[in-house]
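Structural characterization, general
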Amino acid sequence: MRIITHTCPACGTVVAANQLEDSRVMKCPGLGCQEVVRFEDLPEDAREHFLENRDRYQI
Amino acid sequence: MKGVVLSGGTGSRLRPITHTGPKQLVPVANKPVLEYAIEDLKEAGITEIGVILGNKGRDEIQELFGDGSEYGVDITYIVQGNPLGLAHAAGCAKDFVGDDDFVMYLGDNILKSGVTELVKSFETGNYGAGIALQEVDDPQAFGIADVDNEGNVTELIEKPDEPPTNLALIGMYVFSPAVFDAIDELEPSWRGELEITDAIQDLLEDGYEIDSHIVTGWWKDTGKPQDILEANRLVLEDTELNTAGVVEDGAQTDGCIELADSSVIEDGAVVRGPVSIAENTTIKSGAYVGPYTSIGANSTLEDIHIENSVVIGDSEITTNGRIVDSLLGRNANVGSADELLPEGRRLVVGENSQLKL
């Protein structure tokens, strides 16, 4: 299963795509980081793959 | 070599303690379980560590460990979110790990011997992975590895009816970056998770050699209250304990006692080690603190007889009863009902609490 992540450009915290897709737009979960991270920050092919296989990224 | 420490999970088996925090921060001998993992990795020479965070306790873990500099390591946080399995957690660390090998350490586990020997064993060959194994009495209850005469793993079997060995996987692994290709090929298991044992099996089938390292000292998964007490006992037995605080004249002490320099054992108190007493804690007259007990910071004990227990901290325990084999959460207070009418115990007990009165 392809595992997709995004790295916050401000603090380096890595966020899994399932977490990004849950929130779509979220404050970076890195403590004290003010950066906003978005599902749209992922490359287009990664977003498409995730959305086509969304069920597999859920419990 | 890098380290990846798994710190997700709901901690459901440790409720109510984990209603307010992650299970990896429950203290054993007054130190959060996760700290043992960070220290073990550092001892093995691993200072670049990725900490995988779930949905619970993210801020608390980051607040405690920060960027890792206080522990002499460099920590990157990796938010897995949903617990989609150990292989998913490892896969989330792919960018962090890059082309390095890495140790994967379950953050709610403690093992006596650390991971240094596991890493050394892995580095003696060109392995796809290395796994820590321990001999168990009931192999039917574990994931079991079959190994050849040279210690290479030949097969992994989950809870076999007829186990070929009694060597159980204990949740400590070393991986080469080849594991990421194996994870890419995985499908979720029947329980909807990406299983790390499936990834290792795929490495085997792809022709990689898998090293095994048999752990001889104790190992403890601290997932349940009884496990915390057991781990506390094992760590207190094995740790050099330093009495820095004040032991007043008239206090009786015996055995190894760790006493923080801001803590006091007062005249008339009895403490029998091994015991750990954290900062700003007072053991008052009439209290007895018996072996295998850890008392957390900012606590006061008076009149109580307590042993083989863990008091996490910020507690006032002033009843004259006996507490044994118990785990008391932060800010839990136990007073006396002797003067109260009608007679009887007064309880304010959280969800999922367990009491034996």
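About the thresholds
Residues numbered from 1 in each chain as written. Chains lettered and ligands numbered in written order. Predicted model: local features only at pLDDT ≥ 70, side-chain atom pairs only at ≥ 80, totals over all residues. Helix = DSSP H or I, 4+ residues; strand = E, 2+ residues; numbered from the N terminus. Rg over C-alpha atoms; globule rule 2.2 N^0.38 Å. Buried ≥ 20, exposed ≤ 12 C-beta atoms within 10 Å, placed from the backbone. Contact = placed C-beta atoms within 7 Å. Core = buried A, V, L, I, M, F, W, Y, C linked by C-beta atoms within 7 Å. Domains from an automatic or database assignment. Pairing = 2+ DSSP bridges. Nonpolar A, V, L, I, M, F, W, Y, C, P; charged D, E, K, R; others polar. Arc of directions from axis to C-beta. pLDDT = per-residue confidence, 0-100.

**Focus on the overall build of chain B**
Regarding its fold elements, chain B presents eight helices and 28 strands. Relative to a compact globule of 357 residues, whose C-alpha radius of gyration would be 21 Å, chain B shows 22 Å and is just as compact. Along the first, second and third principal axes, the C-alpha atoms of chain B reach 70 × 40 × 40 Å. Looking at chain B as a whole, 48% of its 357 residues are labelled buried. Summarising the internal contacts of chain B: among those between residues at least 6 apart in sequence, 54% fall at separations of at least 24.

**Quick notes on the nonpolar core**
One recurring pattern in soluble globular proteins is that nonpolar side chains are buried together. All names here are of chain B. Membership of the largest hydrophobic core comes to 118 residues, with the highest contact counts inside it found for V5, V51, I52, I78, A90, A129 and I131. Take this core: its biggest share by element is eight residues, from strand β11 (residues 167–175). Inspection of this core shows a minimum of three residues originating in each of domain 1 (2–221) and domain 2 (240–328). Other than its neighbours up to four places away in sequence, I52 contacts V4, V5, L6, S7, G8, I78, Q80, A89, C92 and A93.

**Details of the sheet that holds strand β25 (residues 310–311) of chain B**
Residue and element names in this part refer to chain B. Ordered in space as β16-β19-β22-β25-β28, the five strands form an open sheet in which the pairing is parallel. Only two strands of the sheet have a single partner each, and these edge strands are β16 (257–259) and β28 (327–328). Sheet topology places strand β19 (residues 275–277) next to strand β22 (residues 293–295); three bridges connect them, and they run parallel. Bridged to I277 within β22 is I295.

**Observations regarding the pairing of strand β4 (residues 48–53) of chain B**
Residue and element names in this part refer to chain B. Taking burial as the measure, the six residues of β4 include five buried ones, the bulk of the element. Both strand β1 (residues 2–7) and β4 contribute to a ladder of five bridges, which runs parallel. Looking at the pairing, V4 lines up with G50 of β4. Pairing geometry for β4 and strand β5 (residues 74–79), over six bridges, is parallel. When the sheet's bridge partners are listed, I49 is paired in β5 with I75.

**Re the sheet that holds strand β17 (residues 264–265) of chain B**
Residue and element names in this part refer to chain B. Pairing in this open sheet of five strands is parallel, and the strands run β14-β17-β20-β23-β26 from one edge to the other. In this open sheet, the two strands that pair with only one neighbour each are β14 (246–247) and β26 (316–317). As paired elements, strand β20 (residues 282–283) and strand β23 (residues 300–301) share two bridges and run parallel to each other. Opposite I283, over in β23, you have L301 as the bridge partner.

**Examining the interface of chain A and chain B**
The interface of chain A with chain B comprises 20 residues on the first partner and 25 residues on the second. Of all the secondary-structure elements, those providing two or more residues to the side of chain A that touches chain B are β1 (5–7), β2 (14–16) and α1 (17–23) of chain A. In the side of chain A that touches chain B, the residues fall into nine nonpolar, eight polar and three charged.

**A look at the pairing of strand β8 (residues 129–135) of chain B**
Residue and element names in this part refer to chain B. Where burial is concerned, most of β8 is hidden: five out of the seven residues are buried. Examined bridge by bridge, β8 and β11 share six bridges and lie antiparallel to one another. Residue pairing across strands places L133 opposite L169, the latter belonging to β11. In terms of strand pairing, β8 meets strand β12 (residues 210–214) through five bridges, oriented parallel. Note on β12: the bridge partner recorded for A129 is I210.

**So, unusual backbone geometry**
Residues and elements named next belong to chain B. Residue P274 is reached from G273 by a cis peptide bond, and omega for that bond is 10 degrees. Within the fold, P274 resides in the loop between β18 (270–272) and β19. P342 follows L341 through a cis peptide bond whose omega is -5 degrees. Looking at the secondary structure, you find P342 in the segment after β28. The phi angle at N30 is positive, at roughly 65 degrees, despite the residue not being glycine. Structurally, the position occupied by N30 is in the loop between β2 (27–28) and β3 (31–32).

**Some points on the domain arrangement of chain B**
When the domains of chain B are assigned, the result is domain 1 (2–221) and domain 2 (240–328). The interface of domain 1 of chain B with domain 2 of chain B comprises four residues on the first partner and seven residues on the second.

**Concerning helix α2 (residues 58–65) of chain B**
Residue and element names in this part refer to chain B. All buried positions along α2 are accounted for by R58, I61, Q62 and F65. Seen from one end, α2 has its buried residues packed into an arc of 95 degrees, which puts them on one side. Exposed and oriented more than 90 degrees from the buried face of α2 are D59 and E63. At the exit of α2 stands G66, carrying a positive phi of roughly 55 degrees.

**Digging into the confidence of the model for chain B**
Confidence along chain B averages 92 in pLDDT terms, with 100% of residues attaining 70 or more. Scored as a complex, the prediction yields pTM 0.91 and ipTM 0.93.

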